[in-house]
Amino acid sequence: QQPVQSPQAVILREGEDAVINCSSSKALYSVHWYRQKHGEAPVFLMILLKGGEQKGHEKISASFNEKKQQSSLYLTASQLSYSGTYFCGTEYLDSSYKLIFGSGTRLLVRP
Amino acid sequence: DVKVTQSSRYLVKRTGEKVFLECVQDMDHENMFWYRQDPGLGLRLIYFSYDVKMKEKGDIPEGYSVSREKKERFSLILESASTNQTSMYLCASSSGTTDTQYFGPGTRLTVL
């Protein structure tokens, strides 16, 4: 029941855009996005709730399609600081208190 | 700022040893979690706790137990460490079920 993230890895040049997808086989209540830089703890980016709207954080935004049971993270005009591994965490309608994380998407932004 | 601390950054133990990993949070959070992180597998939930003395199994609880005697402290116990438990262990806490999880720096455990 782990959500599926795609792609597994992305290499970008500074200023380019990227999309990271997170798909679930079960009905979702919420999707959380985290970024982990090398050697550091994961850090929260944003939460999207069932019935909620698209959210944004500077040039990083995300959408949540309840019908398709998926979420997408959009990174616009990427910066070097965006490099890291991005994880989606899904909270299912039939279970509370916990998130199930995907295997992660490694993003490398080059100058 | 929320702070989640873990007792050790690096730990080396021998097969069969009993291992304690401790996690402390300073924000009076109700929920605490233990994950293990392995390359290509992401973060997998071992156990979580939504209140003192309350615990729930996550997706991979086998070989682990937990203890939460005080609200701020959540311990992960490996009763008899095995080599396949070599991993990065991350602790996290949150105030509510859909709230942000704050992660500790992690403990890299090696079992020889």
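The structure this text deals with has already been given above.
Here the structure is a predicted model, which means the values were calculated and not measured. (Residues numbered from 1 in each chain as written. Chains lettered and ligands numbered in written order. Predicted model: local features only at pLDDT ≥ 70, side-chain atom pairs only at ≥ 80, totals over all residues. Heavy atoms only, no water.)

(A) Local environment of the state of the cysteines. Residues and elements named next belong to chain A. Per the stated rule, a full pass over the model turns up two disulfides over all chains. Across the disulfide from C22 sits C88; the S-S distance is 2.0 Å. Classification of the bridge connecting C22 and C88 rests on its S-S torsion, roughly 75°, and on that basis the disulfide is right-handed. Here C88 lies in strand 9 (residues 84-92) and C22 lies in strand 3 (residues 18-23), a separation of 66 residues in the sequence. (Disulfide = S-S within 2.5 Å. Helix = DSSP H or I, 4+ residues; strand = E, 2+ residues; numbered from the N terminus.)

(B) Quick look at the sheet that holds strand 3 (residues 19-25) of chain B. Residue and element names in this part refer to chain B. Read across the sheet, four strands follow the order 1-3-8-7 without closing on themselves; strand pairing throughout is antiparallel. Pairing within the sheet leaves two strands with one partner each, and these edge strands are strand 1 (4-6) and strand 7 (64-70). Adjacent strand axes in the sheet meet at a mean angle of 20° when their direction is disregarded. Of the strand pairs in this sheet, strand 1 and strand 3 are connected by three bridges, and their pairing is antiparallel. Note on strand 3: the bridge partner recorded for V4 is Q25. (Pairing = 2+ DSSP bridges. Axes fitted to C-alpha atoms, helices over the stretch in contact; angles between N-to-C directions.)

(C) Spatial organisation of the layout of surface pockets. There is about 830 Å³ of room inside the largest pocket. Along the wall of the largest pocket there are 28 residues; nearest its centre are A:Q36, A:H38, A:T85, A:R106 and B:Q37. Among the elements of the structure, strand 9 and strand 11 (105-110) of chain A together with strand 4 (31-38) and strand 9 (87-94) of chain B are those that each provide at least two residues to the lining of the largest pocket. Partitioning the lining of the largest pocket into residue classes produces nine nonpolar, 13 polar and six charged. (1 Å grid on protein atoms, 1.4 Å probe; cavity = no way out; pocket = protein on both sides within 12 Å on 5 of 7 lines; lining within 4 Å. Points joined across faces, edges and corners; volume = space filled by probe spheres on them. Nonpolar A, V, L, I, M, F, W, Y, C, P; charged D, E, K, R; others polar.)

(D) Geometry of the side chain of B:H29. Topologically, B:H29 is positioned in the loop between strand 3 and strand 4. In this structure the side chain of B:H29 is engaged in a polar contact, spanning 2.8 Å, whose partner is the side chain of B:S93. (Polar contact = N/O pair within 3.5 Å; in protein donor to acceptor, adjacent residues only side chain to side chain.)

(E) Here's a closer look at the pairing of strand 5 (residues 42-51) of chain B. Residue and element names in this part refer to chain B. Among the ten residues in strand 5, seven count as buried, and that is most of the element. Strand direction decides the pairing type here: strand 4 and strand 5, joined by seven bridges, are antiparallel. Residue pairing in the sheet places W34 in a bridge with Y47 of strand 5. Linkage of strand 4 to strand 5, two consecutive antiparallel strands, is achieved through a turn of three residues, within which G40 is found at a positive phi near 80°. What sits between the antiparallel neighbours strand 5 and strand 6 (residues 54-57) is a turn of two residues, in which K53 has the positive phi angle 65°. (Buried < 20%, exposed > 50% of the residue type's maximum accessible area, 1.4 Å probe, protein only.)

(F) Expanded view of the interface of chain A and chain B. With 23 residues of chain A in contact, the opposing surface of chain B contributes 23 residues. Buried area between chain A and chain B, both sides added, is near 1800 Å², and the carbon and sulfur share of it is 61%. Of all residues in chain A, the largest losses of buried area upon contact with chain B belong to A:Y97, A:K98 and A:F101, amounting jointly to 34% of the total for that side. Counting the contacts that link chain A with chain B gives zero salt bridges. Counting across the interface, chain A meets chain B through three residue pairs in polar contact (both at pLDDT 80 or more). Of all the secondary structure elements, the ones that give two or more residues to the side of chain A that touches chain B are strand 4 (28-36), strand 5 (43-49), strand 9 and strand 10 (100-101) of chain A. Taken together, the residues that form the side of chain A that touches chain B break down as twelve nonpolar, nine polar and two charged. (Contact = heavy atoms within 4.5 Å. Buried area = accessible area lost by both parts, 1.4 Å probe. Salt bridge = Lys/Arg side-chain N within 4 Å of Asp/Glu carboxyl O.)

Function-wise, these values are silent; they only describe arrangement.
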